Amino acid sequence: MGESVVSGLVRSWVGGWVVSRGAAEPVDEPWGWTVDVGQSAQVARHVLPEPTEPDVRKLVAATSAPGTWLKVFTDDDTVRPWLGPGWRFDVPGYLMTVPLAAGAPVVPTGYTLTTWQRGDVVRALVRTEAGHFAARGQLGLAGAVAVADRSRPRPRTAAGVWARW
C-alpha cells in the first residue's frame, strides 16, 4: 500500500522544515519521522502524520528528556488523552499547500522588502517607511517544495502546533 496524501504532504513539509531550521535529516520511523533539532528548547521532534493512540502512548512513555516535541496532525482533543503529565500544548498550526508560481512580491505603500538567500533558505524582512520592523519570514527549499517557516508579523502572535515535553 502506498503513502497516504497526508503522509506525503507531511513528508514534504518535514523536508523543507529541516532545511529552514538547519536540523538533522529526518529519520524514518514506522509512525513518521524523528528529527534532531539541536536547540535547548527543542532537542528533538517526533513527527506523526497519522498518529495512533498506541504509537503516541509508546513515544510518551519512552520520552523523559525536556525539549522533546511531538508534532501530530490531528485535533488536540484526540491526542490529549494519550499524553501523560508534563506534556503541554502549543497554539495550533495548520498544514497548508499552494502551488508555487513565479511573480514579483507586492509590498504595501510605505513598506520596504529585503530578501536574501543563504544555501537553501530564503529570508524576507519587511520594514516600515521609518525603517522599523514590520514582519519577517523564511522559506526552506527542498527540491520542488518551499516550506514557509518562522513567519512573524510585529510581535503580536506566536506560531506553533506541538505538544511538547
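Structure: see above.
Everything numeric here is computed off the predicted structure, so don't read it as measured data.

*Asks:* Sorry if this is basic, but what is going on with unusual backbone geometry here?
*Replies:* Outside of glycine, negative phi angles account for most residues, and trans bonds account for most peptide bonds. One non-glycine residue with positive phi stands out, namely R150, at about 50 degrees. Here R150 lies in strand β9 (residues 145-153). Accessibility expressed as a relative area gives 30% for R150, which makes it partly exposed.

*Asks:* Just to check I follow, could you spell out the side chain of D149 for this structure?
*Replies:* Within the secondary structure, D149 sits in strand β9. Other than its neighbours up to four places away in sequence, D149 contacts W17, S20, R21, G137 and Q138.

*Asks:* Before we go on, may I ask you to explain the sheet that holds strand β6 (residues 111-118) in this structure?
*Replies:* Backbone-to-backbone hydrogen bonds join strands into a sheet, with any given pair of strands oriented parallel or antiparallel. With respect to topology, four strands assemble into an open sheet ordered β6-β7-β8-β9, the strand pairing being antiparallel. Each of the sheet's edge strands pairs with one partner strand only, and the pair in question is β6 and β9. The sheet shows a mean angle of 15 degrees between the axes of neighbouring strands, taken without regard to direction. In terms of strand pairing, strand β7 (residues 121-128) meets strand β8 (residues 133-142) through seven bridges, oriented antiparallel. When the sheet's bridge partners are listed, V121 is paired in β8 with G140. Helix-sheet contacts for helix α1 (residues 5-21) involve β7, β8 and β9, and the interaxial angle to β9 is about 55 degrees.

The rules behind these values
- Residues numbered from 1 in each chain as written.
- Predicted model: local features only at pLDDT ≥ 70, side-chain atom pairs only at ≥ 80, totals over all residues.
- Heavy atoms only, no water.
- Helix = DSSP H or I, 4+ residues; strand = E, 2+ residues; numbered from the N terminus.
- Buried < 20%, exposed > 50% of the residue type's maximum accessible area, 1.4 Å probe, protein only.
- Contact = heavy atoms within 4.5 Å.
- Pairing = 2+ DSSP bridges.
- Axes fitted to C-alpha atoms, helices over the stretch in contact; angles between N-to-C directions.

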